[in-house]
Amino acid sequence: MALEHALLVALSEKPGSGLELARRFERTLGFFWQASHQQIYRVLARMEADGWVEVETVAQEGRPDKRVHTPSATGRAVLREWLAAPMTLEEFRSETAVKLRGASYGDRAAVLRNLAQARADHATRLTHYEQLEREQFPDPAGLTGAALDRWLVLRGGVRLEQFWIDWTTDYLKAHGEAPR
């Protein structure tokens, strides 16, 4: 997947300026695909040059004009083609896994301290996801279309964070550490 595809999804959900898109990205797709503000702006410019997005300039009182991006017909076609392409098997590439495997060859106490902090960070993220779920999807049984898709991806995030918490808890307990 390229950042372009993630941005086309985000702009299909709601057109926006580069700043609005970067902020929304951090709160939504950014949990699954990392991109800096600079990367988003660079890619948006390339998408505009390639005809994937249309830009409307909106005048603002007391501020510079805002450039609102919307997927063009070409961009929507690119997104449809990408969505229809077969999904590749996700590879599990994890620095954490390599450090846990190699802990016997270094400072295990430092690895355990760092792992406990990582577990706490995953617990914080899980709490955030669960809060988003309660606030944005109080009645998931009635969801359809794009809202159902967003809820199901959020549920995947909840399960992924629960995986990290469970796995790190197992490792910490096996080495005599009580998870915080």
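Residues numbered from 1 in each chain as written. Predicted model: local features only at pLDDT ≥ 70, side-chain atom pairs only at ≥ 80, totals over all residues. Heavy atoms only, no water.

The protein is annotated in an unreviewed UniProt entry as PadR family transcriptional regulator from Nocardioides seonyuensis.

Applying the stated criterion across every chain yields a total of six salt bridges. As a salt-bridge pair, Glu 48 and Arg 67 come within 2.4 Å of each other at their nearest N and O atoms. You can see Glu 48 sitting in helix 3 (residues 37-49) and its partner Arg 67 sitting in strand 2 (residues 63-71), a full 19 residues away along the chain. You can call Glu 48 partly exposed: its relative accessible area is 32%. For Arg 67, a relative accessible area of 38% translates into the label partly exposed. (Salt bridge = Lys/Arg side-chain N within 4 Å of Asp/Glu carboxyl O. Helix = DSSP H or I, 4+ residues; strand = E, 2+ residues; numbered from the N terminus. Buried < 20%, exposed > 50% of the residue type's maximum accessible area, 1.4 Å probe, protein only.)

Let's shift gears to the environment of Glu 56. Summarising the element assignment, Glu 56 is placed in strand 1 (residues 53-60). When its relative accessible area of 53% is taken as the criterion, Glu 56 is described as exposed. Note: C-alpha distance between Glu 56 and Ser 17 (39 residues apart in sequence) is 9.3 Å. Discounting residues that sit within four places of it in the chain, Glu 56 has contacts with Lys 66, Arg 67 and Val 68. (Contact = heavy atoms within 4.5 Å.)

Under the UniProt annotation, the feature "domain: Transcription regulator PadR N-terminal" (unreviewed entry) is placed at residues 7-81. In this annotation, residues 7-81 is assigned 52% helix and 23% strand; the end-to-end C-alpha distance for the span is 15 Å. (UniProt positions renumbered as here; feature names shortened; annotations may be inferred.)

Now for the pairing of strand 1. Each regular strand shows side chains that alternate between the opposite faces of the sheet. The sheet contact formed by strand 1 and strand 2 spans seven bridges and is antiparallel. Paired with Thr 57 across the two strands is Arg 67, which belongs to strand 2. Turn length for the strand 1-strand 2 hairpin, with the two strands adjacent in sequence and antiparallel, is two residues, and the turn residue Gly 62 shows positive phi of about 75 degrees. (Pairing = 2+ DSSP bridges.)

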